[in-house]
Amino acid sequence: MSNKDIFDEEDKKLIKAEYESLINNLQKCKKPGDRELIEKAFNTANEAHWNMRRKSGEPYIIHPIQVAKIVNQEIGLGATSVSTALLHDVVEDTDYKLDDVRRDFGDKIASLIDGLTKISNIYSKDSTTSLQAQNFRKMMLTISDDLRVILIKIADRLHNMRTLDSLPEYKKMKVAGETIYIYAPLANRLGLYSIKTELEDLSFKFRQPR
């Protein structure tokens, strides 16, 4: 893990390259204002997460960018969902409030982020049994009237699983357990079969390393 506290030129170049990769490969974002909305969401999230790092040491904003890529390129959602993915952790992890989201991005994106934040806050840290997981999946499907909340949450979990190596062993087991009990079945139910398979494979990798 990097010991750097403040972003340097290398970090800035990485952020710029990741964002340009997202923008240059956008799908279904061709309506007037789509690019501007996504750029505004990125700038807001980048500022909110500035000098924050993940356990891997990389700038935190790389995670929302990667989630936005999954949302757009692997799930096929549009500009509102891409923007929500870029902003999905700002209310939970920074000083940026839900009212700020509503003021800057409107009620729809604020509602999506509120749903994502509720899911993160409601889940019991010990709920990895089959019955508890089943109940949580049902709750996720009813917590919002917009299915995009669940799809973005699945994208978030997929990127977390792809980068799980940087976490301590006990955390890997916890996240992998949640994934196999909760997120892989949800992906299957929603017809995201390739994502469901990848989640299962990654969970198996960490739960059964031998």
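Residues numbered from 1 in each chain as written. Predicted model: local features only at pLDDT ≥ 70, side-chain atom pairs only at ≥ 80, totals over all residues. Heavy atoms only, no water.

Asker: Any details on the overall build of the protein chain? Residues and values, ideally.
Answerer: When helices and strands are counted, the protein chain shows eleven helices and zero strands. Counting helices and strands in the order they occur from the N terminus, the protein chain gives α-α-α-α-α-α-α-α-α-α-α. For the protein chain, whose C-alpha radius of gyration is 17 Å, the value lies close to the compact-globule estimate of 17 Å for 210 residues. With respect to the principal axes defined by its C-alpha atoms, the protein chain has extents near 45 × 40 × 30 Å. Across the 210 residues that make up the protein chain, the buried fraction comes to 48%. Taking as baseline every contact in the protein chain between residues at least 6 positions apart, the subset at least 24 positions apart corresponds to 71%. Charge centroids of the protein chain, computed over 33 positive and 32 negative side chains, lie 5 Å from each other. (Helix = DSSP H or I, 4+ residues; strand = E, 2+ residues; numbered from the N terminus. Rg over C-alpha atoms; globule rule 2.2 N^0.38 Å. Buried < 20%, exposed > 50% of the residue type's maximum accessible area, 1.4 Å probe, protein only. Contact = heavy atoms within 4.5 Å. Lys, Arg positive; Asp, Glu negative; His and termini not counted. Charge placed at Lys NZ, Arg CZ, Asp CG, Glu CD.)

Asker: Give me the lowdown on unusual backbone geometry, citing residues and values where you can.
Answerer: Positioned with a positive phi, lysine 28 is a non-glycine residue whose angle comes to about 60 degrees. Mapped onto the secondary structure, lysine 28 falls in the loop between helix H1 (9-24) and helix H2 (34-48). Located in the positive-phi region is asparagine 51, a residue other than glycine, with phi close to 65 degrees. Structurally, asparagine 51 can be placed in the loop between H2 and helix H3 (62-74). Residue classification places asparagine 51 among the partly exposed residues on the basis of a relative accessible area of 29%.

Asker: Provide a residue-level description of the side chain of lysine 69, including the pertinent values.
Answerer: Of note, lysine 69 is situated in helix H3. Of the residues examined, lysine 69 reaches a relative accessible area of 11% and is grouped as buried. Discounting residues that sit within four places of it in the chain, lysine 69 has contacts with Glu18, Ser21, Leu22 and Glu74.

Asker: Kindly report on helix H11 (residues 193-207), identifying the contributing residues and their values.
Answerer: Counted at 1.5 Å a residue, the expected span for H11 with its 15 residues is 21 Å, and the 21 Å between its end C-alpha atoms agrees. Those residues of H11 not exposed but buried are Ile195, Leu199, Leu202, Ser203 and Phe206. Projected onto a plane normal to the axis of H11, the buried residues spread over an arc of 100 degrees and lie on a single side. Turned more than 90 degrees off the buried face of H11, the exposed positions are Tyr193, Ser194 and Phe204. Packed against the buried residues of H11 are H3, helix H9 (148-162) and helix H10 (169-189). (Expected span 1.5 Å × (residues − 1). Arc of directions from axis to C-beta.)

Asker: Before we move on, could you go through the environment of methionine 140 and cite the residues and values that matter?
Answerer: On the secondary structure map, methionine 140 appears in helix H8 (residues 130-142). Taking relative accessible area as the criterion, methionine 140 reaches 0% and is therefore assigned buried. Residues methionine 140 and arginine 189 lie 49 residues apart in sequence; the distance between their C-alpha atoms is 13 Å. Beyond its immediate chain neighbours, meaning those up to four positions away, methionine 140 contacts Ile119, Ile150, Lys153, Ile182, Tyr183 and Leu186.

Asker: Residues and numbers for the packing of aromatic side chains, please.
Answerer: Inspection of the entire model under this criterion finds two aromatic pairs. For the ring pair phenylalanine 7 and tryptophan 50, a centre distance of 4.7 Å and an interplane angle of 70 degrees mean the geometry is edge-to-face. Within this pair, whereas phenylalanine 7 is found in the segment before H1, its partner tryptophan 50 is found in the loop between H2 and H3, the two being separated by 43 residues in sequence. Taking relative accessible area as the criterion, phenylalanine 7 reaches 7% and is therefore assigned buried. What makes tryptophan 50 partly exposed here is its relative accessible area of 34%. We note lysine 40 situated over the ring of phenylalanine 105; from NZ or CZ to the ring centre the distance is 5.0 Å. (Phe/Tyr/Trp six-rings, centres within 6.5 Å; stacked < 30°, edge-to-face > 60°. Lys NZ or Arg CZ within 6 Å of the ring centre and 35° of its normal.)

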